[in-house]
Amino acid sequence: MKSKGRFNFINIQKIKIRNFSLYSKNEKTTEVEENINNGVYCLAGANGLGKTTFLNIINYGLTGLVLAPNKDVLLPKEIETENKSYTEDYFKGRINVRDYDKAEIEITFEINKKTYRIVRGFDNRNALRSFEIYNNLDKNKTESILNETNSSSEELNRIYQSSLANDMGIGSFENFVFFQLYVLTFDENRRMLFWNEKASTNTLSMAFNDSLDDTERILELKKEMEVLESHARNARWQATQIKKEMEMLLNTKKEMELLNWDDLKKEYDLLINIVEESEKKFHNIESEYDTLLKRQNIINSEILQYKIQYKRLFSQYSEPRSRLLNNQYVQFSKANHECFLCGAKGHHIIEKIEKNLYQDQCPICDTKIDNDKNKVQNQILHQLEEIDKKIEGKNKDLESLIFESDAKKVELEKAEYNYISSKEKLEKFEKENSSISFKSTGDTITDSLLSEYKDRFEKEDKKADDYYKQRDQLKPEYENLLKNVEENYKRAETYFVPLFKKLSKSFIGLDLNIYFQKKGAKNIKLNFELLGTRRTESYQLSESQRFFLDIALRMTLAIYLSKKGNEATLLIDTPEGSLDIAYENRVGQMFADFVVDYNQNIIMTANINASQLLVALAKRCGEEKMYFRRMLEWTDMTEIQKEGEVLFNEVYENIDRALRGK
Amino acid sequence: MFNQILPEAYFDCLSIAHKLDNFLDGFEEKEIHLFAYFSAILFHYKGAPTANWGYKFTIDSDGYPHAKVLSDAIKNNEKNGYFEDTGSFLIITGRGTDEFNKFKKLPTNKKREKYLDAACSTSILIPYKETKEALLNDPGLKKEQQTNNQDWVTYSNEKLKEITTKIGAPSDELLLPAVSWVDYLLKQVHMEN
């Protein structure tokens, strides 16, 4: 199956950054003007020159936002609210006060056979200073097809947002922002997409839904359910507190003991936490157990295959090999118990003929007739031995897998028990705090206070029940929509899976399995299985392995989702990180596959070091598909950097050579 | 190595062996897996959750479905003298047939028997070789081969539902959907060739 693509991604052509004081050389602000080529655009510079800022400026220009670090993944609708104040502060330290009003970013990009040109100032993230759209089919491309000369800059921004969402085909600008900032950008925060259940639920439901309305609904329902759950908990907690107040009124002795409500609240929160953790653990172990069963099944099928091969070969081995076996005279003698030459009859005739045949001798003259036999037999024997070894090896694998599965099963039962008993504990806690007998004290004031408390308690308790009920009512619709996502993913698998396997293999050098996991019906995610090691969970991979598998998945999504002629651009910040030289080379190959084989684009930054990643990438891409930009031309260097200039030049030249050497 | 025998697999291989042996005089182990898989497709087609079948399949390197629990049951049946290996294929013995007759009376097995019977009976109406060729072309198996992802095989019944709706197959009947499915797959094979 070939993917037709779902979205038109933007293809950046030009970036201009004006009056951005961070980029200054010899006390003069550099006017950055970069033509962005197809393929890889790599901005390389020493530490602290503003490489990360450059990527953030691009994203700011496109979305009006910079993501705040260390925040949990958000729903598309929440991104703006949660990041706007960080965005506003982010540029303040990077632009001089005197330049702040003048500083701006201009981006020209192509999408859906149109060229967009936007200018956004850093003083107002919700406005565009200029916005034009040109029709690419119009050869002159001189006039913007937008006729919005009288629009305010805020209006321009709104028109830009709706036009872009429309041209991209992604439903809403918020969805674009999510995709641009979380999926297509891999920044210094190393936000993982596929090891974060919220991020993967958002992404998968956007990528594998027939209708974007369904995606919206999934995300809405998820949020709604979470909100209802939290309301229910709050109401229940409120009820608990009221109950304690009543108890205090009734019993002053008890009052002393119960003064510390915080402890009770802590206990309640702890119980909720334990339920959530034990549920997660149970589902994880369940998935690991399933993987072990699957591996057993696969190895068993391999053993069966080997056994069939063995049987076939053995029957070949045990057959008499004489060429005379099918001879018509010999056949005649065997059928009639009669010598075909002299006509003598009797069973001994057959015995004699067969004996000679088994010894590879002519039945008449005893001449050796098949000199190759021993060689062939030995060859077969050798093959039998090889298969036998394989069967033995596989049997050992199977045995240890069965052993492992048995242990995992025990673990699973334990996890299930823990999960159920933690739920029971929570229910018991809630029940204990909702059933209370109300005595009268004989004191009228206290009694009327008690009755008021009772009313409030019942109200809160009912509220909690109602919220839980409301949440449960949403569940079937939510689960159904997730099922649709799963079915769509299954349909896309024949294209998506081999693509991911190819990219990840070029990096990790091993075959990876990837499959859809819908557990606990709250979130959906993709699971990996590293072959040969029988390891499934994320913590079983090293951190850098996870980074690049995450990038491989983003690349797969980009290729799968992009329509022809509207390929995606990934923004990757200093990817080399902690890789050793062998892996650097492999990552270079993976990036090159992405741009050379699938015509996608990367805008990346890199430190100046002897990175094999850049050399490998440059070699595969050549000047046609990669532009290597020295950042030294934008900014002043520190003394240390100046000292190392010779070294920097060496690295640059090395990469330049690799580029030209294509 | 101790393997616990799954009751569903135990019954399925007895039942399939009994039928294939009747129609064909002998069977191969792989064919048990193949027809069990086909039965599971029909089970799923009738709207039952796949997990309720009792076991799942992966594919082997020849593109046949494979369930370890069936393999274990077959080995067990050979050991108990229910199946006999004649060298080139397996046959069900008299004892095996008796065992099958005993077990098919159990209510849970009666339910399974409907699907197993429909799956195997296709061989009466369509030449066995063609049935096998068709079933190996099943989209679930094909997909696993293409993705080479070593995952459990998933059943996709949309096409089968579409076909049976078109021909108006009665809802309580299984042989017609089974035959239509084999027929459809066979046409796909011929189109590909």
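Residues numbered from 1 in each chain as written. Chains lettered and ligands numbered in written order. Predicted model: local features only at pLDDT ≥ 70, side-chain atom pairs only at ≥ 80, totals over all residues. Heavy atoms only, no water.

### Here's the deal with the overall build of chain A
Spelled out, the test is: Comment: elements are numbered from the N terminus, with helices defined as DSSP H or I runs of at least four residues and strands as E runs of at least two. Using C-alpha atoms as the atom set, the radius of gyration is obtained and then compared with a globule rule of 2.2 Å times the number of residues to the power 0.38. For every residue, the accessible area obtained with a 1.4 Å probe (protein chains only) is divided by the maximum for its type, and the residue is called buried under 20%, exposed over 50%, and partly exposed between those limits. Every residue pair with non-hydrogen atoms within 4.5 Å of one another is taken to be in contact. Charge counting follows a simple rule: Lys and Arg are positive, Asp and Glu are negative, and His as well as the terminal groups are ignored. Charged side chains are reduced to one point each, which is NZ for Lys, CZ for Arg, CG for Asp and CD for Glu.
What chain A contains, in helices and strands, is 17 helices and 14 strands. A compact globule built from 662 residues would reach a C-alpha radius of gyration of about 26 Å, whereas chain A, at 36 Å, exceeds it by more than 25%. Dimensions of chain A, computed from the C-alpha atoms along their principal axes, are close to 125 × 85 × 50 Å. Looking at chain A residue by residue over its 662 residues, the buried ones come to 51%. The long-range fraction of contacts in chain A, counting pairs at least 24 apart against all pairs at least 6 apart in sequence, stands at 73%. Distance from the positive charge centre (101 side chains) to the negative charge centre (110 side chains) of chain A: 4 Å.

### Brief notes about the environment of Asp597(A)
Residues and elements named next belong to chain A. We count it as follows: Contacts described as polar in this section are N or O atom pairs within 3.5 Å, which, within protein, must combine one atom able to donate a hydrogen with one able to accept it, while residues neighboring in sequence count only if both atoms come from side chains.
Here Asp597 shows up in helix α14 (residues 581-597). Asp597 gets classed as partly exposed once you look at its relative accessible area, which sits at 38%. Here Lys502 takes part through its side chain, which lies 3.3 Å from a polar atom of the side chain of Asp597.

### Re the interface of chain A and chain B
The condition that has to hold: Once two parts are put together, the accessible area they lose, assessed with a 1.4 Å probe and summed over both, is termed the buried area. Any Lys or Arg side-chain nitrogen found within 4 Å of a carboxyl oxygen on Asp or Glu counts as a salt bridge.
Each side of the interface is counted separately: chain A has 30 residues, and chain B has 28 residues. Across the interface of chain A and chain B, roughly 2,500 Å² is buried in total on both sides, 49% from carbon and sulfur atoms. Of all residues in chain A, Asn297(A), Leu304(A) and Gln305(A) give up the largest surface area on contact with chain B, accounting jointly for 23% of the area buried on that side. Remark: the boundary between chain A and chain B carries five salt bridges. Put simply, Glu493(A) and Lys143(B) hold a salt bridge, and the shortest N to O gap is 2.5 Å. Inspection of the chain A/chain B interface yields 21 residue pairs in polar contact (both at pLDDT 80 or more). Put simply, the parts of the chain that give the side of chain A that touches chain B at least two residues each are α8 (261-318), α11 (373-434), α12 (444-508) and β10 (512-519) of chain A.

### A few points about the pattern of salt bridges
One pass over the structure, following the stated rule, counts 61 salt bridges over all chains. A salt bridge links Arg112(B) to Asp12(B); the nearest nitrogen and oxygen atoms lie 2.8 Å apart. With Arg112(B) in helix α5 (residues 107-125) and Asp12(B) in helix α1 (residues 7-24), the pair connects residues that are 100 residues apart, well separated along the chain. Each member of the pair, Arg112(B) as well as Asp12(B), is classed as buried. Here the residues in one salt-bridge network are Arg18(A), Glu104(A), Glu106(A), Arg117(A), Asp123(A), Arg129(A) and Glu132(A), joined through shared partners.

### So, the nonpolar core
For the record, the criterion: Grouping buried Ala, Val, Leu, Ile, Met, Phe, Trp, Tyr and Cys residues that are joined through side-chain atoms within 4.5 Å yields what is termed a nonpolar core.
Phe54(A), Phe109(A) and Phe591(A) are the most contacted members of the largest nonpolar core, which totals 144 residues. Residues Leu20(B), Phe35(B), Leu70(B) and Val182(B) belong to the second largest nonpolar core, which totals 56 residues.

### Digging into the packing of aromatic side chains
Note the threshold: Pairing of aromatic rings covers Phe, Tyr and Trp, the last counted by its six-membered ring, and requires centre-to-centre distances within 6.5 Å; plane angles under 30 degrees mean stacked, over 60 mean edge-to-face, and any other angle means tilted. Either the NZ atom of lysine or the CZ atom of arginine qualifies as a charge over a ring when it sits within 6 Å of the ring centre and within 35 degrees of the ring normal.
Tallied over the full model, the rule gives 50 aromatic pairs over all chains. With centroids separated by 5.3 Å and ring planes inclined at 70°, the aromatic side chains of Tyr10(B) and Phe103(B) adopt a geometry described as edge-to-face. Placement of the pair is Tyr10(B) in helix α1 and Phe103(B) in helix α4 (residues 94-103), with a sequence separation of 93 residues. A relative accessible area of 10% means that Tyr10(B) is categorised as buried. Three or more aromatic residues joined by ring pairs make a cluster, and in this case those are Phe20(A), Tyr23(A), Tyr41(A), Phe54(A), Tyr60(A), Tyr86(A), Tyr90(A), Phe91(A), Phe122(A), Tyr627(A) and Trp634(A). The ring of Tyr60(A) carries Arg120(A) above its face, with NZ or CZ at 6.0 Å from the centroid. Directly above the ring of Trp53(B) sits Arg112(B), whose terminal nitrogen or CZ lies 3.9 Å from the centroid.

### A few points about the sheet that holds strand β5 (residues 40-45) of chain A
All names here are of chain A. The cut-off we apply is this: Following DSSP output, two strands are said to pair if at least two bridges run between them.
Spatially, five strands are ordered β9-β12-β13-β5-β14 in an open sheet, and the strand pairing comes out parallel. Both outer strands of the open sheet, β9 (185-186) and β14 (626-630), are each paired with one neighbouring strand and no more. Examined bridge by bridge, strand β12 (residues 569-572) and strand β13 (residues 601-607) share four bridges and lie parallel to one another. The partner of Thr569 across the bridge, within β13, is Asn601.

### Focus: unusual backbone geometry
A positive phi angle, near 60°, is found at Asn599(A), a position not held by glycine. Relative to the helices and strands, Asn599(A) resides in the loop between α14 and β13. Overall, Asn599(A) belongs to the partly exposed group, its relative accessible area being 39%. The phi dihedral of Asn148(B) falls on the positive side, at around 50°, and the residue is not glycine. Looking at where Asn148(B) falls in the secondary structure, it is placed in the loop between α7 (139-147) and α8 (158-167).

### Let's talk about the pairing of strand β1 (residues 11-18) of chain A
Across a regular strand the side chains alternate sides, sitting on one face of the sheet and then on the other. Residue and element names in this part refer to chain A. Relative to strand β6 (residues 104-111), β1 is paired through seven bridges, and the arrangement is antiparallel. Bridge pairing in β6 links Lys14 to Thr108. Of the pairings in the sheet, the one linking β1 to strand β4 (residues 32-35) comprises four bridges and is antiparallel in character. If you follow Ile15 over to β4, its bridge partner there is Glu34.

### Thoughts on a nonpolar patch on the surface
Residue and element names in this part refer to chain B. Selection criterion: Only residues whose relative accessible area exceeds 30% and that form no salt bridge enter a patch; like-charged residues are grouped when within 9 Å of one another, and nonpolar side chains (Val, Leu, Ile, Met, Phe, Trp, Tyr) when within 5 Å. Here the accessible surface of atoms and residues is derived via Shrake-Rupley with a 1.4 Å probe, and residues count as covered only by protein chains that are part of the display.
A surface patch of nonpolar side chains, about 300 Å² in accessible area, is lined by Phe23, Ile124 and Leu125. Within the fold, Leu125 resides in helix α5. Relative accessible area serves as the criterion here: at 54%, Leu125 is assigned to the exposed category.

### A word on the side chain of Thr115(A)
Residue and element names in this part refer to chain A. Within the fold, Thr115 resides in strand β7 (residues 114-121). On the basis of relative accessibility, which here comes to 8%, the residue Thr115 falls in the buried class. Within the local environment of Thr115, its side chain forms a polar contact with the side chain of Asn136, the two groups lying 2.5 Å apart.

### With respect to the pairing of β12(A)
All names here are of chain A. Here β12 shows a buried face lined by Thr569 and Leu571 and a second buried face lined by Leu570 and Ile572. Bridge count between β9 and β12: two bridges; the pairing is parallel. Each bridged residue has a counterpart across the sheet, and for Phe186 the counterpart in β12 is Ile572.

### Looking at the packing of helix α4 (residues 173-183) of chain A against helix α5 (residues 197-207) of chain A
Residue and element names in this part refer to chain A. For clarity, the cut-off: Convention adopted: a line fitted to C-alpha atoms gives each axis, helices being fitted over their contacting stretch, and angles between N-to-C directions are expressed from 0 to 180 degrees. Roughly parallel covers angles under 35 degrees, roughly antiparallel covers those over 145, roughly perpendicular covers 65 to 115, and oblique covers all other angles. Here is the rule for handedness: rotate from the far helix to the near one, and if that takes an anticlockwise turn smaller than a right angle the crossing is left-handed, while a clockwise turn gives right-handed.
It is the contact of α4 with α5, at a shortest axis distance of 11 Å, that shows an interaxial angle of 125°. Between α4 and α5, the interaxial angle falls into the category oblique. For α4 against α5, the interelement crossing comes out left-handed. Contacts between α4 and α5 pair Asn175, Phe178, Phe179 and Val183 from the former with Ala199, Asn202, Thr203 and Met206 from the latter.

### Some remarks on the sheet that holds β1(A)
Residue and element names in this part refer to chain A. With respect to topology, five strands assemble into an open sheet ordered β4-β1-β6-β7-β8, the strand pairing being antiparallel. Bordering the open sheet on either side are β4 and β8 (130-135), each of which pairs with just one other strand. The sheet shows a mean angle of 10° between the axes of neighbouring strands, taken without regard to direction. Note: β6 against β7, eight bridges, orientation antiparallel. Bridge assignment links Glu106 to a residue of β7, and that residue is Val119.

### Details of the state of the cysteines
Residues and elements named next belong to chain A. To keep things clear, this is the line we draw: The disulfide definition used here is simple: a pair of cysteine sulfur atoms within 2.5 Å.
Enumeration according to the criterion identifies zero disulfides over all chains in this entry. The closest cysteine sulfur to the non-disulfide-bonded Cys342 is located on Cys339, 3.6 Å from its own sulfur. What makes Cys342 exposed here is its relative accessible area of 60%.

### Observations concerning the side chain of Glu529(A)
Note that Glu529(A) resides in strand β11 (residues 523-530). Within the local environment of Glu529(A), its side chain forms a polar contact with the side chain of Lys294(A), the two groups lying 3.1 Å apart.

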